[in-house]
Amino acid sequence: MTNIERGKYIDFEGPGGAGKSTQIFKASEILTENGFDVITTREPGGTDSAESIRRLLFELKSGELIDAGGQMALFFAARRLLRDELIAPNLDKGVSVLTDRSYPSTGAYQGGGEGGDDSLILQMADVTMGECKPDAVLLFDIEPEVAMARNNPEDDPYDKKGIDYFARVITAYRDMAENNWGGLKWYKIDGNPGIGEVSEQVTEVLSEIFQKDLKVYGEQY
Ligand SMILES: Nc1ncnc2c1ncn2[C@@H]1O[C@H](COP(=O)(O)OP(=O)(O)OP(=O)(O)O)[C@@H](O)[C@H]1O
Ligand SMILES: [Mg+2]
């Protein structure tokens, strides 16, 4: 077998409305234009099996029928399916995976937001993910008021929470980035400015991660 360089696993994190989905789309475009093989996915979900757990989780959370520990169990169950069905096979093939959330979200939301046991979350990450952990975490750091103003709750019960919950999640994220939570490599991106300015920061960080001066083609915001 030829020696294929393993793909990179990059996690986009931040509260609802921080700009993750907007920036993951742009990042995937830029990396593809620069010759990298990339796919994008999201959590919870990303495969049919894991999306069914997403629906269950959101239904239980909306009805306030599940506590932090129960949510942790379901988030990690969904994550295990995603790892086995999508993430690991692609990384093995040399394809990089950009994900809209991974287990740092569990740390920020169920840990920071809801008082779940942080060391248990990290143990669950070890059990569920094994060696398949993000190579980098990009935190879209944003003020709670700005995130809430941009946020479109749709079917997501976590996005329907009040400013106090948002603030707890954001504080947890900042702390996690500061301490390279989970032994992961964190990069803080200022999510407050306009889409173009945020994208420039993302491109700079990705240039470092992929060790290539990424060129930006096409129309900019
Ligand atoms: N830098 C920005 N400046 C202004 N508006 C933005 C910026 N980034 C994203 N938006 C807009 O804010 C809204 C939320 O952005 P986006 O969906 O990317 O956030 P998200 O982090 O994916 O949120 P969620 O976790 O709820 O999915 C969208 O309408 C998007 O167009
Ligand atoms: Mg999104």
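What counts, and where the lines are drawn
- Residues numbered from 1 in each chain as written.
- Chains lettered and ligands numbered in written order.
- Predicted model: local features only at pLDDT ≥ 70, side-chain atom pairs only at ≥ 80, totals over all residues.
- Pairing = 2+ DSSP bridges.
- Helix = DSSP H or I, 4+ residues; strand = E, 2+ residues; numbered from the N terminus.
- Axes fitted to C-alpha atoms, helices over the stretch in contact; angles between N-to-C directions.
- Contact = placed C-beta atoms within 7 Å.
- Near = placed C-beta within 6 Å.
- Nonpolar A, V, L, I, M, F, W, Y, C, P; charged D, E, K, R; others polar.
- Core = buried A, V, L, I, M, F, W, Y, C linked by C-beta atoms within 7 Å.
- Buried ≥ 20, exposed ≤ 12 C-beta atoms within 10 Å, placed from the backbone.
- Parallel < 35°, antiparallel > 145°, perpendicular 65-115°, else oblique.
- Left-handed = near helix turned anticlockwise from the far one by under 90°.

Things to note about the sheet that holds strand 3 (residues 96–100)
- Overall, parallel pairing links the five strands, which are arranged 2-3-1-4-5 in an open sheet. The outermost strands of the open sheet, each flanked by one partner alone, are strand 2 (38–42) and strand 5 (186–190). Strand-to-strand, the axes of this sheet are offset by a mean angle of 20°, without reference to chain direction.
- Direction of pairing for strand 1 (residues 9–13) relative to strand 4 (residues 136–141): parallel, over a ladder of four bridges. Its bridge partner lying in strand 4, Glu13 is registered against Leu139.
- This element, helix 1 (residues 20–33), spans strand 1, strand 2, strand 3 and strand 4 of the sheet and lies at about 165° to strand 3.

Some thoughts on the site of ligand 1
- Close to ligand 1 lie 15 residues; Gly16, Gly19, Lys20, Ser21 and Thr22 are nearest.
- Breaking the shell around ligand 1 down by element, the ones donating at least two residues are helix 1 and helix 8 (195–210).
- Among the elements that make up the shell around ligand 1, the one with the highest residue count is helix 1 (three residues).
- Looking at side-chain class alone, the shell around ligand 1 contains three nonpolar, eight polar and four charged residues.

Quick notes on the nonpolar core
- Counting 49 residues, the largest nonpolar core has Ala27, Leu98, Leu138, Leu139, Val169, Tyr173 and Met176 as its most contacted members.
- Leu98 has contacts with Ile10, Phe12, Ile24, Ala27, Ser28, Val38 and Thr40, leaving out every residue within four places of it along the chain.

Thoughts on the pairing of strand 3
- Burial runs high along strand 3: five of the five residues are buried.
- Of the two faces of strand 3, the one holding Ser96, Leu98 and Asp100 and the one holding Val97 and Thr99 are both buried throughout.
- With four bridges joining them, strand 1 and strand 3 adopt parallel strand pairing. When the sheet's bridge partners are listed, Ile10 is paired in strand 3 with Leu98.
- As defined by bridge partners, strand 2 adjoins strand 3 across five bridges and the pair is classed as parallel. Within strand 3, the residue paired with Arg42 across the bridge is Asp100.

Remarks on helix 4 (residues 103–113)
- With eleven of eleven residues buried, helix 4 is to be regarded as a mostly interior element.
- Buried residues along helix 4 sit in contact with strand 1, helix 3 (68–92), helix 5 (118–129), strand 4 and helix 7 (163–178).
- Where helix 4 terminates, the next one or two residues include Gly115, which has phi positive at roughly 80°.

Focus: the packing of helix 4 against helix 5
- Contact pair helix 4 / helix 5: the axes reach a minimum separation of 10 Å and the direction vectors enclose 155°. Between helix 4 and helix 5, the angle is such that the two are roughly antiparallel. Seen from above, helix 4 lies across helix 5 with right-handed handedness. Listed contacts from helix 5 to Tyr103, Thr106, Gly107, Gln110 and Gly111 of helix 4 are Asp118, Ile121, Ala125 and Met129.
- Here the residues of the contact of helix 4 with helix 5 are counted per class, giving four nonpolar, four polar and one charged.

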